[in-house]
Amino acid sequence: MRRTPPIFLVAVIMVSRKILSVAAASAVAFSVPGLAEPVSPDSFGPSVFTAPGAFPTSLYRHYYNSPTATSAQPQPVISDPVKHTVYPFELTNPATIPQNDTKDPHILPPKASSNQLLEAAFAQVLSIAKNPTFGNDNCARCQAALEVGKFLAMAAPEQGPALAVRLCEHFNFNSDCATQFGILSLGSVITQVAAHADVGGLDGQMLCSHFISGLCPLPPTTPLNLTGWFAKPKPNPLPAPKKPSGKRMKILHISDLHIDPRYANGAEANCTSGLCCRENNFNTGSPTHTIFPAPRFGSFLCDSPFALAMAALESIPVLAGTQKTGFDFTLYTGDIVSHDSEHQLSRDYITYTETVVYDLFKRMLGTGPVYAVLGNHDSYNQAQDAPHSLGGALAEQFSWNYNHVASLWQHEGWIRQSAVDLARAHYAAYMVRRRDGLRIITLNTDLWYSANYFNFINMTNPDLSGMLRFLTDELQAAEDAGDAAWIIGHVLTGWDGSNPLLNPTDLFYQIVDRFSPHVIKGIFWGHTHEDQISIYYANNATRLSAQTAGAVAWIGPSITPLTNLNSGFRVYEVDSGTFEILDAHTWKSDVNAFPQLDAQTRFGPTYEYEYSTRGAYGATIVGWGPDDPLNATWWHHVTEAMEANTTLVSVFNTFQGKTSARTKPCTGQCATAKICYIRSGSAPIAKQNCVQGFGSVQS
């Protein structure tokens, strides 16, 4: 989605343009699992399952509307077991989508004293003076303008949003400045970041580079100082690997559901901007007449309506053959909330969605815990999470969300009190040590996401939040105990490097190197909505080979079709002794066929088997037995096969979009880039090694 730049930065680009025009007119990403028998090809159930067309009205006791109607999505009455409240119909009524939430608090930083202003001004002047890029250029002017915003934010924080709105209106930056940058939206966040960032140094360079169309060049990755970071050196030799049990577990991986309770059947599904299938969005080419009415089960430019979410959840146990047994456990790699504009969100909308979705997972997927993480849309303000190092009330401004999801996960019986306590203290991240010896370590990846404004404070510290310290300590504990670990999060660390920040993912890469392959047996992300893979190598990928490949990350396909994708999910076969993946099975539903389902209720979407990872790529790997893991070494061999025969890249590209009718071919430079992305586990490696522009199949 398009990022909204901080408005303090808007001033500098406008001022810069004015100065340049005058001065130089010519310059212009704890249950005990049953030890299942080895899975045969026939154990998954039928290859195709067609969900019922009628909505299962017994899901809920009460509805705000008629759940049997086909002209609108069902609107169940939802009671929150944590908050002990019933969510009103106004929260999700498609006809009354709010412009701004006026109920929730919008926190601002404390006003600075005169002495603090003096010291900050002095320090920032010194910082600018030392900055080698400062001079008569746009980058320098951008940072200087940030200084103005900084000191206003410190001296009169209540005026920060007002300044943002006035500058926006003066320079005509947005058609609705008060809605986008006022106190009820991003104004408070921008004011906090301006007040705390070193805008004369790296923070300012990154803000000007990232949010204002590259006014500053992208600074290089800051060299890491790992002295004292690891408690112990990497074992040499590595511990002997655990022996395979010969028994396979079934692990479900679902991601990016993005349920949309405000989805409006028949609304414009081909809108010009924003989230389509909403009554408040239309196509500017036909503002009074709907060009493509929103189908009941979803469309390519829309999030998942209730009907699609239920079709997927009804299909999964049948297709996976787990109706009676349930999954050993499920991974949910984030983003349950719809892609609403910032001004349409509220805390209640976030907690409503969390309550609905986790309850559905519990009821529809059967036994086995769900290990879930927050995605960038699972917060308000969206994509924002503040580091505890801010101190005081600012450090706790998102705790309402961490406490809510931790309590919901406990309410559903998925995590114990020890994990709940960790989640409340670590931005909703936690560790679960399962009785089978596998440790699940979850992360809040908003803390390295480039759209999180709070990450632009003190950027010379790659772990300002302490999230990677938490991860390192948990991996060390796993190594000491001889346990295996899986890491799950939302925003991926590498691929094309377009989503995460450089410094934190550089540190993450070194952590993976330190604890691979003997501890880390799997890494799982979501976020892109696409089916992707990332390989992590030793020594910061200075030598790419099967021998140096240490870990692999699986990026899960989304259930939402947004944007131009089919809907899908994945099931892993995992050895219960080694916790290594032996195969991955992916299913998809053809979104292009959804309009044909509107005139009846007998049939819903059909989910069908798309591919086996081993079957799709394994024929190219010599000497790899049917029970050998699909680990980093195997995946490096796959990339070598891709280099030898780019037809395999085309296969990968098709699966990346879940065989969507809208996925474009990948040939030539695209094929080379895709192989490079697969081999890039961090943003710095991707930026350094890979041609940009081929990361997504959604355009």
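Residues numbered from 1 in each chain as written. Predicted model: local features only at pLDDT ≥ 70, side-chain atom pairs only at ≥ 80, totals over all residues. Heavy atoms only, no water.

K.L.:
Quick one: what's the story with empty space enclosed by the protein, residue by residue and with numbers?
P.N.:
Here the largest cavity is characterised by a volume of approximately 220 Å³. Lining the largest cavity are 22 residues, with N455, M459, N461, L501 and P504 positioned closest to its centre. Of all the secondary structure elements, the ones that give two or more residues to the lining of the largest cavity are α7 (202–210) and α14 (502–514). If you tally residues by element for the lining of the largest cavity, the top one is α14, at three residues. Classifying every residue of the lining of the largest cavity gives 14 nonpolar, seven polar and one charged. Taken as a whole, the second largest cavity spans an internal volume of roughly 120 Å³. Considering the residues around the second largest cavity, the lining is formed by P105, H106, I107, S188, V189, Q192, R347, Y380, N381, Q397, F398 and W400. At three residues, the largest contribution of residues to the lining of the second largest cavity is made by helix α6 (residues 187–196). Its residues assigned to classes, the lining of the second largest cavity comprises six nonpolar, five polar and one charged. (1 Å grid on protein atoms, 1.4 Å probe; cavity = no way out; pocket = protein on both sides within 12 Å on 5 of 7 lines; lining within 4 Å. Points joined across faces, edges and corners; volume = space filled by probe spheres on them. Helix = DSSP H or I, 4+ residues; strand = E, 2+ residues; numbered from the N terminus. Nonpolar A, V, L, I, M, F, W, Y, C, P; charged D, E, K, R; others polar.)

K.L.:
Tell me what's going on with the state of the cysteines, and back it up with residues and numbers.
P.N.:
Evaluation of the coordinates by the stated rule reveals six disulfides. Covalent S-S linkage joins C271 and C276, the inter-sulfur distance amounting to 1.9 Å. Measuring handedness by torsion sign, the sulfur bridge of C271 and C276 sits at about -90° and is left-handed. Each of the two residues, C271 as well as C276, counts as buried. Paired through a disulfide, C666 and C670 show a sulfur-sulfur distance of 2.0 Å. Between C666 and C670 the sulfur-sulfur dihedral comes to about -110°; the bridge is accordingly left-handed. (Disulfide = S-S within 2.5 Å. Buried < 20%, exposed > 50% of the residue type's maximum accessible area, 1.4 Å probe, protein only.)

K.L.:
Which residues make up the layout of surface pockets, and what values do they have?
P.N.:
Regions of empty space are outlined by a rolling probe, equal in size to a water molecule, passed over the atoms. In this structure, the second largest pocket encloses a volume near 670 Å³. When contributions to the lining of the second largest pocket are tallied by element, the ones reaching two or more residues are α13 (467–481), β10 (520–525), β12 (549–555), β14 (581–589) and α16 (632–644). Residues of the lining of the second largest pocket, tallied by class, amount to 19 nonpolar, seven polar and eight charged.

K.L.:
Describe the sheet that holds strand β8 (residues 438–442), with residues and values.
P.N.:
Taken in spatial order, the six strands line up as β7-β8-β9-β10-β12-β11 in an open sheet, and their pairing is mixed. Single-partner strands in this sheet number two, and they are β7 (431–433) and β11 (532–537). Direction aside, neighbouring strands of the sheet carry axes that sit 20° apart on average. In this structure, strand β9 (residues 484–488) lies alongside β10, joined through four bridges in parallel fashion. In the sheet register, I488 faces β10, and the bridge partner there is F524. Together, β7, β8, β9 and β10 form the strand contacts of α13, whose direction differs from that of β8 by roughly 175°. (Pairing = 2+ DSSP bridges. Axes fitted to C-alpha atoms, helices over the stretch in contact; angles between N-to-C directions. Contact = heavy atoms within 4.5 Å.)

K.L.:
Please give an account of the pairing of strand β13 (residues 567–575) that cites residues and values.
P.N.:
In terms of burial, β13 is a largely internal element, nine of the nine residues being buried. Across the two faces of β13 the burial is the same, with S567, F569, V571, E573 and D575 and G568, R570, Y572 and V574 all buried. Bridge count for β13 against β14 is eight bridges, and the pairing is antiparallel. If you follow Y572 over to β14, its bridge partner there is A584.

The quantities given are spatial measurements derived from coordinates; they are silent on function.
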